[in-house]
Amino acid sequence: MNETRHRVTLTVNGVLREATVPGRRLLSDCLRHDLGLTGTHVGCEHGVCGACTVLLDGEPVRSCLTFAVTVDGHEITTVEGLARDGELSPVQRAFAECHALQCGFCTPGFLCTVTAFLRDNPAPTEEEALEAVAGNLCRCTGYQNILKAVHRAAELQTELRAERQAERQAERQVERQAELRAEEDR
């Protein structure tokens, strides 16, 4: 029996991508097998473990429960897309600094989940952080270092925002000084 194939176009990690997939192809399989992005891991295949979590239009979803045809025209961010310009994201840096990854199988799902969580809650309490990662399972750790990494990532993001704000202020000051000199020269 020949299954009908569908062309899907999606933006994955900022790049427009196309694939032709059967209607029942899962997003996790499309990412891994059709697009060659193997950072998304498939654990339980029932949406329980969270290893397959990716960001769909910025929101965490279980790619093992999502048909690829349903994301046509949408934006997907996988673990491969979290780094920018060769620099690890604050969440990735925090996981490394806090030793929050052991075997690494669950890590992509945690990184995507925590990235979305901290975007919406940049200064979480311990309870909020615990609740945020409760949907992701790790068989190697007791979650202490993962929770430390959530808080460290929040600190790193705050530092990064402050640095960017200082840079913008310095740029505005330089621009203003140039304007004043131009007025004096007139």
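Residues numbered from 1 in each chain as written. Predicted model: local features only at pLDDT ≥ 70, side-chain atom pairs only at ≥ 80, totals over all residues. Heavy atoms only, no water.

Structural notes on the nonpolar core
Piece 1. Residues F95 and L118 are the most contacted members of the largest nonpolar core, which totals 26 residues.
Piece 2. Breaking this core down by element, the ones donating at least two residues are α2 (90-97), α3 (107-120), α4 (126-133) and α5 (144-185).
Piece 3. Those residues within four positions of L118 in sequence are excluded, and the remaining contacts are V91, P124, V150, A153, A154 and Q157.
Piece 4. Counting residues in each nonpolar core, the second largest holds 16 residues, with V8, V21, L27 and L37 among its members. (Core = buried A, V, L, I, M, F, W, Y, C linked by side-chain atoms within 4.5 Å. Buried < 20%, exposed > 50% of the residue type's maximum accessible area, 1.4 Å probe, protein only. Helix = DSSP H or I, 4+ residues; strand = E, 2+ residues; numbered from the N terminus. Contact = heavy atoms within 4.5 Å.)

As for unusual backbone geometry
Piece 1. Here D57, not a glycine, exhibits a phi torsion of approximately 50°, which is positive.
Piece 2. Residue D57 is classed as partly exposed on the basis of its relative accessible area of 44%.
Piece 3. Positive phi values are uncommon outside glycine, yet D85 reaches one of about 50°.
Piece 4. With respect to the secondary-structure elements, D85 resides in the loop between β5 (75-77) and α2.
Piece 5. On the accessibility criterion, D85 (83% relative accessible area) is exposed.

Examining the sheet that holds strand β3 (residues 53-56)
Piece 1. The five strands are arranged β2-β1-β5-β3-β4 in an open sheet whose pairing can be described as mixed. Looking along the sheet, the strands with just one partner apiece sit at the ends: β2 (15-22) and β4 (59-62). Adjacent strand axes in the sheet meet at a mean angle of 40°, parallel and antiparallel pairs treated alike.
Piece 2. Examined bridge by bridge, β3 and β5 share two bridges and lie antiparallel to one another. Note that in β5 the partner of L56 across the bridge is I76.
Piece 3. Contacting β3, β4 and β5, α3 runs over the sheet at an angle of about 40° to β3. (Pairing = 2+ DSSP bridges. Axes fitted to C-alpha atoms, helices over the stretch in contact; angles between N-to-C directions.)

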